[in-house]
Structures are given as C-alpha cells and as structure tokens.
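Given next are the chains, with one letter for each unit.
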Amino acid sequence: MNIAVFVSGNGTNLQAIIDAISRGEINAKVSLVVCNNEAAYALTRAKKAGIETFVKSHKGFKTRADYDREITKELKKRNIELVVLAGFMRLLSPNFVKKYRNKIINIHPSLLPAFKGTHAIKDAFESGEKTTGVTVHFVDEELDHGPIILQEKVNIEKNDTLETLEEKIHKVEHKLYPKAIKLFVRRQSDNVNED
Ligand code: GRF
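A brief structural summary. Note that the coordinates shown come from a computational prediction; the quantities given were computed from them, not determined experimentally.

### Concerning the side chain of serine 93
In step 1: Within the secondary structure, serine 93 sits in the loop between strand S4 (82–85) and helix H4 (94–99).
In step 2: Overall, the relative accessible area of 3% leaves serine 93 in the buried class.
In step 3: Non-local contacts of serine 93, meaning those with residues more than four positions away in its chain, are made with Arg64, Ala65 and Asp68.

### Observations concerning the environment of histidine 174
In step 1: Turning to its location among the elements, histidine 174 is positioned in helix H6 (residues 162–194).
In step 2: Spatially, the C-alpha atom of histidine 174 lies 5.4 Å from that of alanine 16, the residues being 158 residues apart in sequence.
In step 3: For histidine 174, the contacting residues outside a window of four places in its chain are Thr12, Asn13 and Ala16.

### Things to note about the nonpolar core
Within soluble globular proteins, side chains that are nonpolar tend to cluster in buried spots.
In step 1: Core analysis: the largest hydrophobic core is formed by 41 residues, its most contacted members being Val5, Val7, Val84, Ile105, Tyr177 and Ile181.
In step 2: Broken down by element, this core gets its largest block of residues, 10 residues, from H6.
In step 3: In this structure valine 5 touches Leu14, Val30, Leu32, Val33, Val34, Val84 and Ala86, once residues within four positions along its chain are discounted.
In step 4: In this structure, Phe6, Leu75, Val97 and Ile104 belong to the second largest nonpolar core, which totals 18 residues.

### A word on the site of the ligand
In step 1: For the ligand, the full set of nearby residues is Asn10, Gly11, Thr12, Asn13, Gly87, Ile107, His108, Pro109, His170 and Glu173.
In step 2: One of the side-chain nitrogen or oxygen atoms of threonine 12 is found 2.5 Å away from an oxygen atom of the ligand.
In step 3: In this structure, isoleucine 107 approaches the ligand through a main-chain N or O atom, which is 3.0 Å from a nitrogen atom.
In step 4: Here the ligand has 370 Å² of accessible area as a free molecule, and 82% of this is covered by the chains.
In step 5: For the shell around the ligand, the elements supplying multiple residues, two or more each, are helix H1 (12–22), strand S5 (104–108) and H6.

### Focus: the packing of H1 against helix H2 (residues 41–48)
In step 1: At a minimum axis distance of 9 Å, the contact between H1 and H2 shows a crossing angle of 15 degrees. By the angle between their axes, H1 is roughly parallel relative to H2. Handedness of the H1/H2 crossing: right-handed. Of the residues in H2, those touching H1 at Thr12, Leu14, Gln15 and Ile18 are Ala42, Arg45 and Ala46.

### Thoughts on unusual backbone geometry
In step 1: Look at the link from leucine 112 to proline 113: it is a cis peptide, with omega at 15 degrees.
In step 2: The topology assignment puts proline 113 in the loop between S5 and helix H5 (120–127).
In step 3: With a phi close to 55 degrees, phenylalanine 115 is a non-glycine residue in the positive phi region.
In step 4: For phenylalanine 115, the position within the fold is in the loop between S5 and H5.

### Observations concerning the packing of aromatic side chains
Two numbers describe a pair of aromatic rings. These are the distance of the centres and the angle of the planes.
In step 1: Per the counting criterion, the structure on display carries five aromatic pairs.
In step 2: Considering the side-chain rings of phenylalanine 138 and phenylalanine 184, the 6.2 Å spacing of their centres and the 55 degrees angle between planes classify their relative orientation as tilted. Of this pair, phenylalanine 138 sits in strand S6 (residues 131–138) while phenylalanine 184 sits in helix H6, placing them 46 residues apart in sequence.
In step 3: For phenylalanine 138, a relative accessible area of 11% translates into the label buried.

### Overview of the sheet that holds strand S3 (residues 53–55)
In step 1: Strand order across the open sheet formed by seven strands is S3-S2-S1-S4-S5-S6-S7, with mixed pairing between neighbours. Strands with a single pairing partner mark the edges of an open sheet, and in this sheet they are S3 and strand S7 (148–155). When strand polarity is set aside, the average angle formed by the axes of neighbouring strands in this sheet is 15 degrees.
In step 2: The pairing of strand S2 (residues 29–35) with S3 spans three bridges and is classified as parallel. Residue pairing across strands places valine 33 opposite threonine 53, the latter belonging to S3.
In step 3: Against the sheet, H1 touches strand S1 (2–7), S2, S4 and S5, its axis set at about 170 degrees to S2.

Rules behind the numbers
Starting from 1, residues in each chain are numbered consecutively following that chain's sequence as written. Only residues with pLDDT of at least 70 are given local features in this predicted model, and only at 80 or more are side-chain atom pairs given and counted; all residues enter the totals for whole chains, interfaces and linings. Heavy atoms throughout the structure, all of them, feed into the side-chain values; hydrogens and water do not. Labels follow the DSSP assignment, with helices taken as runs of H or I lasting at least four residues and strands as runs of E lasting at least two, numbered in each case from the N terminus. Throughout this description, buried means an accessible area under 20% of the type-specific maximum (1.4 Å probe, protein chains only), exposed means over 50%, and partly exposed covers the range between. Residue contacts follow a heavy-atom distance rule, with two residues in contact if any of their heavy atoms lie within 4.5 Å. To form a nonpolar core, buried Ala, Val, Leu, Ile, Met, Phe, Trp, Tyr and Cys residues must be joined to one another through side-chain atoms within 4.5 Å. Any residue with a non-hydrogen atom lying within 4 Å of a molecule or strand is treated as near it. Any pair of nitrogen or oxygen atoms within 3.5 Å is treated as a polar contact; in protein, a donor-acceptor pairing is required on top of that, and neighbouring residues in sequence qualify only through side-chain atoms on both sides. Where accessible areas are quoted, they stem from the Shrake-Rupley method and a 1.4 Å probe; at the residue level, only the protein chains shown are allowed to cover. Axes here refer to lines fitted to C-alpha atoms; in helices the fit is confined to the stretch in contact. Angles between the N-to-C directions go from 0 to 180 degrees. Geometric relationships in this document are graded by angle, where less than 35 degrees denotes roughly parallel, more than 145 denotes roughly antiparallel, 65 to 115 denotes roughly perpendicular, and other angles denote oblique. Definitions for this section: a left-handed crossing has its near helix turned counterclockwise from the far helix by less than a right angle. A right-handed crossing has that turn clockwise. Whether two aromatic rings pair depends on their centres lying within 6.5 Å, for rings of Phe, Tyr and Trp, where Trp uses its six-membered ring; planes under 30 degrees apart make the pair stacked, over 60 edge-to-face, and the rest tilted. Here a strand pair is declared whenever DSSP counts at least two bridges between the two strands.

Interpretation note: all reported values are geometric properties and have no functional meaning in isolation.
Right under this line is the structure:
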C-alpha cells in the first residue's frame, strides 16, 4: 500500500512511521511526503530515508480547494491509498475529505473530543485534569473530529511540568500511530482478499 504523510514541522511521527516500516512492522511504503513549509525538519528526515517530497506553500493559492487540488494530482500519480496527517498545520478542503473519505487519518495529542485545537497538551496541563492522552482518528470535515481508531491515556502526575507531559505524550504517539497504520493496512488487505 502506498502511503502519503503530510507534515509541517519536526516530523517525529513521520520518523516513527518510517522506522516501523523499516523494521517490517507495517506492510506499506511511504511513497510521498507532502509539506507546506520548506523549512520543516521533516523534509530532512524524508530525504534521509530516500522518500520523495512534494513541498508547496499554500500561500500562492486563492482557495483551500485550489491548493488541495494540486496535492490530489500528486497523490493520484503515485496511487496513494492512505493519507497520514502528522503535524500538518492546515485544514483540508471538504472536497479533498470527500475524495479520500475513510482514507485520511490524523493524530491528536489529547483524548478527543477533549482539548481540540493546536494547544491540546498545554490546555490539558492547565485544566487540572489527571489524565489526557493521544487519539488517532479518521478525518472528516470538522477540525479534530471523525471516527476514532485508537486512543491511549497518559496520566498527568503532580510533578509533571508541561515539558515532561509533552515528552510522555510524544512517546505514546510514536507507538500509537504506527499501530493504527498497521491496523488500517491489515484491514485493507483483508478486504481485498475477501473480494
Ligand atoms: C504531534 O504532537 C501531533 O499529535 C500533532 O502535531 C504534532 C506533530 O509532531 N498533530 P511531529 O512533527 O510529528 O514531531
């Protein structure tokens, strides 16, 4: 199965996926990394792993849909069957979501539906809650919303700082995302075998 990973920043989740594939844990290939930020360290990780990249800022495009159409062309060329959002800091257009319905997944650093948005770890830390966590879910038209694939709890201990909590969350993300992708890939191949 051909996978595209969409990134905007550091790319530690991209790295975890690359590593899980190279250990033989997921029967798929990252065929493309899509990025809207040419300074993203994720691009260095992709290049080191010999993965093709499509780097384009959204800035020159009039609408979200125009930008997404450009990306769709690249996905089609490579027969992409799964889109993995890994810190991609852009909302996708409804048209794109429709085209790839049930084929786009996202990772979010909270137990959704709690703490949606870009400051999920900080918001949970400041809320006084004793637990937060990580969610992998299918993407629909709403932000940080859609059918949940996997969730894992992370305790917020009394002696945690925002930094230690972030570390714990990222550690869980790097296990949970490859696990969810593995489930998706397996389910697809089971469906194909049943046909
Ligand atoms: C992760 O915390 C993820 O949950 C969120 O964005 C962050 C991306 O980190 N959606 P990285 O670029 O994979 O290191």
